[in-house]
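Report on the structure
As a plain string of letters, each chain reads:
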Amino acid sequence: KVNSGTKKIMTQVEKFLRYSPSRDVVFVLGAGASHPDGVPLQKDMLPMIVSGSIEEIENSEIGQIVIEFIKDNFEFNSETNVYPQLEAVFGFIDYFIQQNESLNAKYTNEKIRDIKEYLIKLIHYVVNLQTDKRSHYYHLFWKAIQKENSNVSIITLNYDTLLEQAFDFLFKSHGYIDYCIPLMNYEQIPELHNYNFWVNPREPVSIGANENPIPIKIVKVHGSLNWKYCNCCNQTLLTPWDRSIDLKKGKFLGYTYPDNLEYEFVCPIDGTEFRTLIMPPTYNKTIQHPIISQLMSEASREIRATKKVVFIGYSLSSSDVHIKALFKKQITSDIEVIVVNPRRKESLELNYKSLTKNVRFIYSSFENFVNDESQINSIIS
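These figures come from a predicted structure and were not determined experimentally.

Moving on, we get to the overall build of the chain. Across its full length, the chain holds 13 helices and 17 strands. A compact globule built from 381 residues should have a C-alpha radius of gyration of about 21 Å, and the chain, at 22 Å, falls within 12% of that. For the chain, the spread of C-alpha atoms along the three principal axes comes to 70 × 55 × 35 Å. A total of 381 residues make up the chain; the buried ones form 51% of that total. Partitioning the contacts of the chain with sequence separation of at least 6, the portion at a separation of at least 24 is 72%.

Here you go:
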């Protein structure tokens, strides 16, 4: 029997978890939020890939192809740690792809397209190196939200999954993660029996009679390490604990539990090889991808609906024109903007003042910010 949106199922209740029409805080997380846990900053990714410091990259076919391409087309000095910007490498690659031209006989247009995908997979690999551990700082972040105010949402530009992994102590009793995209894991169909199903917080959820969980949006506008995209059926599979790539084969790897047997991921619907779903750092970012486009629209709605936007560990880089455009369009004069960043730098301040005059700066690292209980609580409450 259905009554007021709930249905009794033995000792549980099936309930819609509704969002408040407005949001108190929207957090925007940049690389500085994950860096304390060892996730590399963007400027460190290319040196990690080409310096020879990671044996798995050096010994892999895709690693060797990418390193050879960069050495053929860019000059760098590993002794003085001077490398080209990652945006410049992707910009060079994207030029030939967009013009549908070859560079030379060695680097045909088709080969350059392969190199771009290989480089994205190598970035996936180096970001994932530090994501198997628990994040103390993200745990403190979630504790503050649980204690002070859960009417928040999070827009993150990071690929790593440390934020979601730190959410586990809140799962079910306090809240559910809403990735804001349709996941293949929502459908309990026979083809997906080997994978983890995921609770869709936008449909009725079975909860304990004394529980009152809330949904929290995590909008990953640049994609995620634990998303696998099939460009045949255009669906996304969430693999919460499987983020590994076999660099020798260039394949995503999964593991059966509890046997820990390794297998390669392919789409269970049509057998197509999954692709990465992360937006690479390039000056020519495209948001036409159906998933990225949907996430940008979701981020727009969250910004319009909030009273306060808090940027943490993000410099509003000149290469992120799409992010500046997103906030410039949606931030109104009555929305308070707070920037948490350890760097006291005029250029950074001017970047944010170009978005809105209603901005203030807190000069703090993410780890110091979440350890300062009074400070984070005053912003959330």
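Enumeration according to the criterion identifies 17 salt bridges in this entry. Of the charged contacts, one joins glutamate 373 and lysine 147 as a salt bridge, the two residues approaching to 2.9 Å between their closest N and O atoms. Remark: lysine 147 occurs in helix H7 (residues 136-148) and glutamate 373 occurs in helix H13 (residues 373-380); sequence separation between them is 226 residues. You can call lysine 147 exposed: its relative accessible area is 54%. Ionic contacts of the salt-bridge type, sharing partners, join the residues Arg23, Asp178, Arg202, Lys217, Glu298, Arg301 and Glu302 into one network.

Attention now moves to helix H10 (residues 321-330). Listed as buried for H10 are His322, Ile323, Leu326, Phe327 and Gln330. Across the axial projection of H10, the buried residues extend over an arc of 130°, all falling on one side. Turned more than 90 degrees away from the buried face of H10, the exposed residues are Val321 and Lys329. Elements that come into contact with the buried residues of H10 comprise strand S4 (25-29), strand S5 (152-156), helix H9 (290-304) and strand S15 (308-312).

Taken in spatial order, the three strands make up an open sheet running S10-S9-S14, and their pairing is antiparallel. Edge positions in the open sheet fall to strand S10 (235-238) and strand S14 (275-278), since each of these has one partner strand only. Strand after strand, the sheet turns through a mean of 45° between neighbouring axes, direction not considered. One ladder, built from four bridges, connects strand S9 (residues 223-230) with S10; its direction is antiparallel. Looking at S10, one finds that tryptophan 227 is bridged to leucine 238. Along the sheet face, helix H6 (residues 109-128) touches S9 and S14 and points at about 65° away from the line of S14. Where H9 meets the sheet, it contacts S9, S10 and S14, and its direction lies at approximately 130° from that of S9.

The rules we used
- The residue numbering used here restarts from 1 in each chain and proceeds along that chain's sequence as written.
- Local features in a predicted model are, by the rule used here, given only for residues with pLDDT of at least 70; side-chain atom pairs are given and counted only at 80 or more, and totals for whole chains, interfaces and linings are based on all residues.
- Side-chain calculation: all heavy atoms of the structure are included, whereas hydrogens and water are not.
- In this text, helices come from DSSP runs of H or I with a minimum length of four residues, and strands from runs of E with a minimum of two, each type numbered from the N-terminal end.
- Both definitions apply: the radius of gyration is a C-alpha atom measure, and the globule rule equals 2.2 Å times residues to the power 0.38.
- Here the term buried applies to any residue with accessible area under 20% of the maximum for its type, exposed to any over 50%, and partly exposed to those in between, with areas from a 1.4 Å probe on protein chains only.
- Whether two residues are in contact is decided by their heavy atoms, any of which lying within 4.5 Å being enough.
- Note on definitions: salt bridges are taken to be side-chain nitrogens of Lys or Arg within 4 Å of carboxyl oxygens of Asp or Glu.
- Of all possible arcs, the one meant is that of the directions from the helix axis to the C-beta atoms.
- At least two DSSP bridges between two strands are required for those strands to pair.
- What counts as an axis is a line fitted to C-alpha atoms, over the stretch in contact for a helix, and the angles between N-to-C directions run from 0 to 180 degrees.

So far we have only geometry, and geometry alone does not tell us how the molecule works.
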